[in-house]
Amino acid sequence: MQAEIITIGDEILIGQIVDTNSAWIGEKLNAAGIKIHRITSVSDRAEPISEAITQALSHSDIVICTGGLGPTKDDITKHTLARLFGMKLVRNEAVYEQVRAMTAVRHIDFNELNQGQALVPDGCTVLPNRCGTAPGMWFERDGKVLVSLPGVPFEMKTLIGEQVLPRLYEHFRFDAIVHKTAITYGLAESILAETIADWENALPAYLHLAYLPSAMNIRLRLSAYDVDGQQAAAEIDRQFALLDQAIPYRIIGYGDATLESAVGELLRGRGETVAAAESCTGGNIAHRFTALPGASDYFRGGVVAYSNDVKTALLGVNADDLNRCGAVSRPVAEQMAAGVRKATGATYGIATTGIAGPTGGTPDKPVGTVWMAVSGPDETYSIRMVFGSLRSQNIERASSNAINLLRLRLCGAPGNGLWTIRY
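Residues numbered from 1 in each chain as written. Predicted model: local features only at pLDDT ≥ 70, side-chain atom pairs only at ≥ 80, totals over all residues. Heavy atoms only, no water.

### Some words on the overall build of the chain
Heads up, the rule is: Strands here are runs of E lasting at least two residues and helices are runs of H or I lasting at least four, both read from the DSSP assignment and numbered beginning at the N terminus. This radius of gyration counts C-alpha atoms alone. The globule rule is 2.2 Å times how many residues there are, raised to the power 0.38. Contacts are assigned to residue pairs with any non-hydrogen atoms lying within 4.5 Å of each other. Here, Shrake-Rupley sampling with a 1.4 Å probe gives the accessible areas, and only protein chains in the shown set may cover a residue. By the counting rule applied here, Lys and Arg register as positive and Asp and Glu as negative, while His and the ends of each chain are not counted. The atoms used to mark charge sites are NZ of Lys, CZ of Arg, CG of Asp and CD of Glu.
The helix and strand tally for the chain stands at 16 helices and 17 strands. A compact globule built from 423 residues should have a C-alpha radius of gyration of about 22 Å, whereas the chain, at 27 Å, is more than 25% larger. Here the contacts in the chain between residues at least 6 apart in sequence split such that 67% fall between residues at least 24 apart. Only carbon and sulfur atoms are counted for the fraction: they give 50% of the accessible area of the chain, which is about 19500 Å². Computed over 38 positive and 45 negative side-chain charges, the inter-centroid distance for the chain is 4 Å.

Shown next, in the form of structure tokens:
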């Protein structure tokens, strides 16, 4: 079973908005057992809309369109579909009354444009939109299905979940598609591929491995198509258990896991807490933790100690060490971590101090130099890393490596060999 997604709107093509609809729809269809063949974005003009839909229907079983269903003159998707399918627009009384009621509640004039939302092609199945004025529309031709939905994300998502997917399940039979993604940290793509080559070569033929690199980690996705779902899921779990043995301490979790969520779960399970003392990362570590629901279970607080005076006054950093070694040094990082731990009563303190750039570097401490430290009940650990010249990248990498240093200590990882990321 194969599907295509078409997003309609000049605002997408000129970069005024980011097309998040297609990514969300693709994820939901794929989880339902529907392979995505192509995603296309077209302008608000009849010719490219008609051309894209005609091509999509020629080689896909299901086509999902979003956008161009509003009340204004530039919203022409409905009119284009009516011409394409040889239908005429007629007023749907149920939609008419729904729009009338919705505009009344919102104190909006039920004018001619809003009344026009009730006009639909006479041969389509109307999908009532309880979240907006534009209904969805379901078309069938030669055993294939085209669905046209509003481009407003929350309206589209409601229609997909409540009406489109249930209808697709009734209309087609889907074979199982099983995915699972492991999130790895600390190895560049080429080094990771070399390290796990034996594991990858031994995978069953029906399992497909994809490398999904990002700036901070490498995701490894195992997929199985047209299979017994339970058996495939069990085999994927078994293979990832073998992978964990091949790259110990490198898998931080699965699916949507992040370094901070992995550390949060470890701390929550142990009944322990963390606090952050940040200089060059400017509160980014604290932000990443507090962006997670329930972070108050384990995150105590943070101090952005950007100036040396604040490092001394709030974190107890020794002024002589600052003068002798400089703010970007092992003693300062370790004292910052210990200081924030003491000040907040946290089990662990994380600290960063460095030169984010693009200025401020020296031959001994070039831009991108960062010291990171973790202070715990027994010992304080620290590492020095040199990243690059881009300020935003240095902040993210320093934050990630500091969080990862705590993760490795919580996991009992041995030695410094695992503490530094290999780019």
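### A short note on the sheet that holds strand β9 (residues 176-184)
Going by this rule: Two strands are counted as paired when DSSP detects at least two bridges linking them. For helices, the axis comes from a line fit to the C-alpha atoms of the stretch in contact; other axes are also lines fit to C-alpha atoms, and the angle between any two N-to-C directions lies between 0 and 180 degrees.
Taking strand neighbours across the sheet as the criterion, the 4 strands line up as β10-β11-β9-β12 in an open arrangement whose pairing is antiparallel. The outermost strands of the open sheet, each flanked by one partner alone, are β10 (208-213) and β12 (251-254). Within this sheet the neighbouring strands show an average axis-to-axis angle of 25°, counted without direction. Two strands pair when backbone bridges link them, and β9 and β12 are joined in this way by 3 bridges, in the antiparallel orientation. Bridge assignment links Ile 183 to a residue of β12, and that residue is Gly 253.

### Observations concerning the pairing of strand β15 (residues 348-354)
Quick reminder of the rule: Burial here depends on accessible area, computed with a 1.4 Å probe over protein chains only, as a share of the maximum for the residue type. Under 20% is buried, over 50% is exposed, and the range in between is partly exposed.
Among the 7 residues in β15, 7 count as buried, and that is most of the element. With 5 bridges joining them, strand β13 (residues 274-278) and β15 adopt parallel strand pairing. Pairing of Val 274 across the sheet is with Tyr 348, part of β15.

### Examining the sheet that holds strand β6 (residues 125-127)
Here 6 strands make up an open sheet; going across it, the order is β2-β1-β3-β8-β7-β6 and the pairing mixed. Of all the strands in the sheet, just β2 (35-42) and β6 have a single pairing partner and so form its edges. Looking at each pair of strands side by side, their axes are set apart by 20° on average, direction ignored. Here helix α2 (residues 21-31) sits on the sheet in contact with β1 (2-8), β2 and β3 (62-66), set at roughly 160° to β1. In the packing of helix α4 (residues 77-84) onto the sheet, the strands contacted are β1, β7 (136-141) and β8 (144-149), and the crossing angle to β7 comes to about 20°.

### Some thoughts on the pattern of salt bridges
The criterion, for reference: The working definition used for a salt bridge is a side-chain nitrogen of Lys or Arg within 4 Å of a carboxyl oxygen of Asp or Glu.
Using the criterion set out here, one finds 12 salt bridges in the structure. One salt bridge connects Glu 93 with Arg 91, and the closest N-O pair in it is separated by 3.0 Å. Exposure remark for Glu 93: the relative accessible area of 43% places this residue in the partly exposed category. The residue Arg 268 makes a salt bridge to Asp 297 at a minimum N-O spacing of 3.0 Å. A residue pair is termed long-range when its members are at least 10 positions apart, and Arg 268 in helix α11 (residues 259-270) and Asp 297 in the loop between α12 (284-290) and β14 (299-304) qualify at 29 residues. Given the relative accessible area of 29%, Arg 268 is considered partly exposed. By relative accessible area, Asp 297 is classed as partly exposed at 48%. In this structure, a network of salt bridges that share partners links the residues Glu 260, Arg 288 and Glu 396.

### Quick notes on α4
Turning to α4, its buried residues are Thr 77, Lys 78, Thr 80, Leu 81 and Ala 82. Of the surrounding secondary structure, the elements contacted by the buried residues of α4 are β1, α3 (46-59), β4 (89-91), β5 (119-121), β7 and β8. A positive phi of about 65° marks Gly 86, the residue just after α4.

### Concerning the packing of aromatic side chains
The condition is simple: In this analysis, rings of Phe, Tyr and Trp, with Trp reduced to its six-membered ring, are considered paired at centre separations within 6.5 Å, and the interplanar angle assigns stacked below 30 degrees, edge-to-face beyond 60, and tilted for intermediate values.
As enumerated under the stated definition, the model contains 8 aromatic pairs in all. Residues Phe 240 and Tyr 254 carry aromatic rings whose centres are separated by 5.5 Å and whose planes lie at 55° to one another, so their mutual orientation is tilted. Placement of Phe 240 in helix α10 (residues 229-246) and of Tyr 254 in strand β12 is noted, with a sequence separation of 14 residues between them. Note on Phe 240: relative accessible area 1%, which makes it buried.

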